[in-house]
Amino acid sequence: MERKKELEHADRARRKREESVSGKRKAFAASLEDFFVRTGDDRPKQDVAGVVQDVERELTAIGTEKDVGRAAAQLIEVEAFAEQALGELRKSYSISRPRDIGLSSKLRREWEGFVAERDRLETDVFSPAAEQLQNRIAAVASQTPVDQRRRVQTLVGELASEAQKTIQAEATEARRTAEQKCGEVRELAQKAIAEVKNAVDAVNAELQRTNVSDLAPKALERFRTELERQVDVVASRHRELLESARRQLLDMHVGTEAGDEPAISTAEMTGAIEEEVLALREAADADAELIQLGMALAVVSHEFDAVIRVIRDELRRLKRWADASPQLRPIHARLQGNFEHLDGYLTLFTPLQRRLYRKPQRITGAEIRKFLEDLFQERLRRHAITVTASPQFESRVVTGYPSTFFPVFVNIIDNAIFWLKDHRSPRSIALAADDEGFLIANNGPRINSRDRETIFDLRFTRKPGGRGMGLYISRHTLAKAGYRLTLEQHPEFAVCFKIAEEQQEEEHHEP
């Protein structure tokens, strides 16, 4: 019974936690989506251009002002306006991550994409605009006798005033929250004292009403036990509530840690643990799916082997009849041709089975290129995609299991064909190599900055109906073999993947 109560309590706690964070997750996801919609329309550039245009108009007006003192005052105001306007724009394209909730893989990818895009906006949009305005204002200031002390005081004063207002508002909210929680704890303590007192009074009253001298020894013992139970039930319940409240207050971290870093709150620690749990759940689901898929493929492969042998034997028997019957000969020829085509495809998957190779093999780029051409020749021809391999690629050698490297190339080329097939001509895939490893590039659609950091994450995909497992599995498979799979910049192609051996850190010993 006690174990059941504990499980029910834990389940209620999980459900309550999920209810409390689901709204925050939805609001956070909506903010990220709104950010990407706005940045996708080049709105930041338009907003910044509007600010620059406003400032330029004001500076032009200052240049026509005859009163030198008024012109200097206007210049200071325009400079303060430019700083404030750009600051507001930066804020409008900034999102704070809620630290007290865990993020799913999808939300984490969106957040990482936001961070990368925000950094790009700062580098390519906001900072250049700020520098442009500063140079323009400095040029006007050099022709206008401005009180530099007043100019600096105005700019610093605006910043200081804004900082004070922000901190004052946060401090007021923090005090209000603290007073509210303090009142709730006081109310909880007063209620606990009152209810325990009421329970004790009720027990004493019942004790006064009962003539214990008339009770048999066993009945007296039961009576005493019941009175104790009534008090203990109420006291235990409130003791647990008060202990829980006290622990929460003790666990609340305020102030700073070493190095003036903000203290890590209990809510942040809960959010970090929750995020790890979400990631483990998603990984477990993916692993279970992959295990089922692998078992199914093993069964199918075994059955195919048996069926292929039967079909091959029957075709040999049918050939004797076809040789003697001109009408049967073309039918046999078509069956034989289609069977060999299917058997050729099945043979291509032999290198993908590690169990056939007890030791690592020497694999050349030429063998990889031949394997890929044999596997994808029909699709490449159908979609008018050309594949070229450089001499460096064909001569490069890796040592390992074909089951490690071949599926990675297959996955990357398969993805390239999918995105190239509807792309404008010419469509090309290039296999190359540099001093570090293999390069697989194509001139298909460019991978946007939102996805470059998360393209290797589990279940991430932009392909309709895709599983989002190929690149994730490829990277992890190569990592186990001591290789890395990365997305690189290429001077000629929009998309370029690289397979290179991990660099081993050299050990430094004292002489």
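Per chain, residues are indexed from 1 in the order of the written sequence. It should be noted that, the model being predicted, local features are given only for residues of pLDDT at least 70 and side-chain atom pairs only at 80 or more, the latter also being counted only at that level, while totals for whole chains, interfaces and linings use all residues. Side-chain measures were taken over the full set of non-hydrogen atoms in the model, leaving aside hydrogen atoms and water.

### Side note on the overall build of the chain
In step 1: Runs of E in the DSSP output that reach at least two residues are strands. Runs of H or I that reach at least four are helices, and both are numbered from the N terminus. Each helix and strand counted, the chain has 13 helices and seven strands in total.
In step 2: For every residue, the accessible area (1.4 Å probe, protein chains only) is compared with the maximum for its type, and the residue is labelled buried under 20%, exposed over 50%, or partly exposed between those bounds. Across the 511 residues of the chain, 30% fall into the buried class.
In step 3: At a minimum sequence separation of 6, the contacts of the chain that also span at least 24 residues come to 72%.
In step 4: What sets the accessible areas is the Shrake-Rupley method with a 1.4 Å probe; for residues, cover comes only from the shown protein chains. Accessible surface computed for the chain: about 33,600 Å², of which carbon and sulfur atoms make up 54%. Contacts between residues were defined by any pair of non-hydrogen atoms, one from each residue, lying within 4.5 Å.

### Description of unusual backbone geometry
In step 1: Cis rather than trans, the peptide bond between Ser425 and Pro426 has omega equal to -5 degrees.
In step 2: With respect to the element layout, Pro426 can be found in the loop between α11 (402-420) and β4 (427-433).
In step 3: One non-glycine residue with positive phi stands out, namely Ala384, at about 55 degrees.

### So, the packing of α11 against helix α13 (residues 470-480)
In step 1: Throughout, an axis means a line fitted to C-alpha atoms (over the contacting stretch in the case of helices), and angles, computed between N-to-C directions, take values from 0 to 180 degrees. With their axes 10 Å apart at the nearest point, α11 and α13 run at an angle of 155 degrees to one another. Judged by the inter-axis angle, α11 sits roughly antiparallel to α13. Here α11 runs over α13; the crossing is left-handed. Two secondary-structure elements touch here, α11 through Thr404, Phe405, Val408, Asn411, Ile412 and Asn415 and α13 through Gly470, Leu471, Ser474, Thr477 and Leu478.
In step 2: When the residues that make up the contact of α11 with α13 are grouped by side-chain class, the tally is five nonpolar, six polar and no charged. By definition in this entry, angles of less than 35 degrees are roughly parallel, angles greater than 145 are roughly antiparallel, angles of 65 to 115 are roughly perpendicular, and the rest are oblique. Each crossing is labelled by how the near helix is turned from the far one, with a counterclockwise turn of less than a right angle marking it left-handed and a clockwise turn marking it right-handed. Put simply, Ala, Val, Leu, Ile, Met, Phe, Trp, Tyr, Cys and Pro go in the nonpolar bin, Asp, Glu, Lys and Arg in the charged bin, and everything else, Gly too, in the polar bin.

### Quick word on the packing of helix α9 (residues 365-382) against α11
Working note: a packed helix pair is described by the angle between its axes plus the distance between those axes.
In step 1: Where α9 meets α11, the closest approach of the two axes is 11 Å, and the angle between their N-to-C directions is 35 degrees. Regarding α9 and α11, the two cross each other, and that crossing is right-handed. Of the residues in α11, those touching α9 at Glu367, Ile368, Phe371, Leu372, Leu375, Phe376, Arg379 and Leu380 are Phe406, Phe409, Val410, Ile413, Asp414, Ile417 and Phe418.
In step 2: Here the residues of the contact of α9 with α11 are counted per class, giving twelve nonpolar, no polar and three charged.

### Here we look at the sheet that holds strand β2 (residues 385-389)
In step 1: Within the open sheet, the five strands sit side by side as β2-β4-β5-β7-β6. Their pairing is mixed. Looking at the sheet topology across the chains shown, the edges are occupied by β2 and β6 (483-487). Strand-to-strand twist of the sheet, defined as the mean angle between neighbouring strand axes without regard to direction, takes the value 15 degrees.
In step 2: With six bridges joining them, strand β5 (residues 437-442) and strand β7 (residues 495-501) adopt antiparallel strand pairing. Bridge pairing in β7 links Gly437 to Ala500.
In step 3: The strands that α11 touches are β2, β4, β5, β6 and β7; relative to β4, the one it contacts most, it runs at about 155 degrees. Note on pairing: DSSP must find at least two bridges between two strands before they are called paired.

### Focus: the nonpolar core
In step 1: In terms of nonpolar packing, the biggest core is built from 37 residues, with Leu372, Leu485, Phe497 and Ile499 touching the most fellow members.
In step 2: Looking at this core, the elements with two or more residues in it are α9, α11, β4, β5, α13, β6 and β7.
In step 3: Ranked by residues supplied to this core, first place goes to α11 with ten residues.
In step 4: Sequence-distant contacts of Leu485, defined by excluding residues within four places in its chain, comprise Val408, Ile412, Phe456, Leu471, Ser474, Arg475, Leu478, Phe497, Lys498 and Ile499.
In step 5: Residues Phe35, Val55, Val78 and Ala141 belong to the second largest nonpolar core, which totals 34 residues. Only buried Ala, Val, Leu, Ile, Met, Phe, Trp, Tyr and Cys residues count toward a nonpolar core, and they belong to the same one when joined by side-chain atoms within 4.5 Å.

### As for the packing of aromatic side chains
In step 1: Side-chain rings of Phe, Tyr and Trp (the six-membered ring for Trp) are treated as a pair once their centres are within 6.5 Å; stacked means planes under 30 degrees apart, edge-to-face means over 60, and tilted covers the remaining angles. Counted under the stated rule, the structure contains 13 aromatic pairs.
In step 2: Considering the side-chain rings of Tyr93 and Phe126, the 6.2 Å spacing of their centres and the 45 degrees angle between planes classify their relative orientation as tilted. Here Phe126 lies in helix α4 (residues 105-141) and Tyr93 lies in the loop between α3 (68-92) and α4, a separation of 33 residues in the sequence. Side by side, Tyr93 and Phe126 carry an identical accessibility label, which is buried.
In step 3: With a centroid separation of 4.6 Å and an interplanar angle of 80 degrees, the aromatic rings of Phe371 and Phe406 are classed as edge-to-face. Here Phe371, found in helix α9, pairs with Phe406, found in helix α11; they are 35 residues apart in sequence, far enough to count as distant. Across the pair, exposure class does not vary: Phe371 and Phe406 are buried alike.
In step 4: Each residue in the set Phe28, Phe35, Phe36, Tyr93, Trp111, Phe114 and Phe126 is aromatic and connected to the rest through ring pairs, giving one cluster.
In step 5: The lysine or arginine in question, Arg38, covers the ring of Tyr93, its NZ or CZ lying 4.3 Å from the ring centre.
In step 6: The ring of Phe456 is capped by Arg475, whose NZ or CZ atom sits 3.8 Å from the centre of that ring. Two limits define a charge over a ring: the Lys NZ or Arg CZ must be within 6 Å of the ring centre, and within 35 degrees of the ring normal.

### Here's the deal with a nonpolar patch on the surface
In step 1: Here a patch means residues that are over 30% exposed by relative accessible area and free of salt bridges, tied together within 9 Å if like-charged and within 5 Å if nonpolar (Val, Leu, Ile, Met, Phe, Trp, Tyr). Any Lys or Arg side-chain nitrogen found within 4 Å of a carboxyl oxygen on Asp or Glu counts as a salt bridge. On the surface, Leu207, Val212 and Leu220 cluster together into a nonpolar patch covering about 200 Å² of accessible area.
In step 2: Turning to its location among the elements, Leu220 is positioned in helix α6 (residues 217-251).
In step 3: By relative accessible area, Leu220 is classed as partly exposed at 35%.

### Points about α11
In step 1: To estimate how far a helix should reach, multiply one less than its number of residues by 1.5 Å. Under the 1.5 Å per step criterion, the end-to-end length of α11 is 26 Å for 19 residues, consistent within 8% with the ideal 27 Å.
In step 2: Across the 19 residues of α11, 15 count as buried, placing the element largely inside the fold.

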